[in-house]
Amino acid sequence: MDPSTRLGHVHYTTANLDRQISFYESILGFKLHWKDGQTAGLGAGKEDLLRLTQVNGARPAQRKTGLYHTAFLIPNRWELAQLLKRIAETRTPIQGMTNHGTHWAIYLPDAEGNGIELAWDFPEDVWPRTFEEMMQQHRGLYPDEVFQHLGDRDTQWTGADEATRVGHVHLHVSTIPPTQQFYHQVMGFDIPFVFTGGQAMFFSAGGYHHHIGTNIWQGEGAAPPPPNSIGLRYYTVVMPNQAALEQVEQHLTHAGIPLEQTESGLLAHDPSRNGIMLTV
């Protein structure tokens, strides 16, 4: 995998487009970039970070493969503190706060239960380099640790910083061995950490701590969600150039992975039917 590979927007199916737009605007400070019928694109003012398509009658699917969370990478701790302040002011429920050693993370669900991680990365030179080092540094993150950075700037927060981007996605999968085969051997992602217990595996490009997380916490052998369920349609892997994209395309074709050319890019699915849009 080309080391300059990164993630782009995620695309969800929603049962109520306006409710989801309102959540991301009012809680995360996203901007509505565009809206066309039942589909909309949101972000921080540059490229889309999130796309939503309404399907009437869409329902959540329980104990299935699909999205665990999308991590929106926040560029600085002042911005993260402003988001936590906004969450507190609106009494928006959160699911936890963690210092992973590689990054700070605040977890919460969106209006339809899709997982969100608000993440800020430590400088790369202090990241733990083994699973054991990560576990030694891994601990809870306390609100006061974040709120102390409200004073880093003497300016008014006006919404999501333009530098906000999708840092990683974490997926529920059916089993780990085919997942490893697909993301590592076929697509060419690195495995930055070897996790004990076989419950999860993480993948990255260019030395990042992870671009893609996978786990079997919905149960080994979990089935894909029914069509038009609330949740992930696909996430986007952005290649730096056409040659890098064609190389991955050749590997997928050689492995017998079906590919579909769409307006947004080349659509593939991992062995658990999680959608991946490949683009430049």
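Refer to the preceding data block for the structure.
A brief report on the enclosed structure follows. Note that the coordinates shown come from a computational prediction; the quantities given were computed from them, not determined experimentally.

Thresholds, definitions, all that
- Residues numbered from 1 in each chain as written.
- Predicted model: local features only at pLDDT ≥ 70, side-chain atom pairs only at ≥ 80, totals over all residues.
- Heavy atoms only, no water.
- Helix = DSSP H or I, 4+ residues; strand = E, 2+ residues; numbered from the N terminus.
- Buried < 20%, exposed > 50% of the residue type's maximum accessible area, 1.4 Å probe, protein only.
- Contact = heavy atoms within 4.5 Å.
- Salt bridge = Lys/Arg side-chain N within 4 Å of Asp/Glu carboxyl O.
- Pairing = 2+ DSSP bridges.

**As for the side chain of Thr-65**
Step number 1: Structurally, Thr-65 is set in the loop between strand S4 (48-54) and strand S5 (66-73).
Step number 2: By relative accessible area, which is 5% here, Thr-65 ends up buried.
Step number 3: Those residues in contact with Thr-65 that sit more than four places away from it in its chain are His-172, Val-173, Ser-174, Ala-222, Ala-223, Pro-224, Pro-225, Ser-272 and Asn-274.

**So, the pattern of salt bridges**
Step number 1: Going through the model one piece at a time under the given rule, you end up with seven salt bridges.
Step number 2: Among the ionic pairs, Lys-35 bridges to Asp-18, the shortest N-O distance being 2.9 Å. In this pair, Lys-35 sits in strand S2 (residues 31-36) while Asp-18 sits in helix H1 (residues 17-26), placing the two residues 17 residues apart along the sequence.
Step number 3: For Lys-35, a relative accessible area of 46% gives the class partly exposed.

**Observations regarding the side chain of Asn-76**
Step number 1: Turning to its location among the elements, Asn-76 is positioned in the loop between S5 and helix H2 (77-89).
Step number 2: Its relative accessible area of 16% is what places Asn-76 among the buried residues.
Step number 3: Residues within four places of Asn-76 in sequence aside, it is in contact with Trp-120, Arg-153 and Asp-161.

**Some words on the pairing of strand S16 (residues 275-279)**
Step number 1: Counting buried positions along S16 yields five of five residues, so the element is predominantly enclosed.
Step number 2: Here S16 shows no split at all, with Gly-275, Met-277 and Thr-279 on one side and Ile-276 and Leu-278 on the other all buried.
Step number 3: Two elements, strand S13 (residues 231-238) and S16, share four bridges in a ladder whose sense is parallel. Residue pairing across strands places Tyr-235 opposite Ile-276, the latter belonging to S16.

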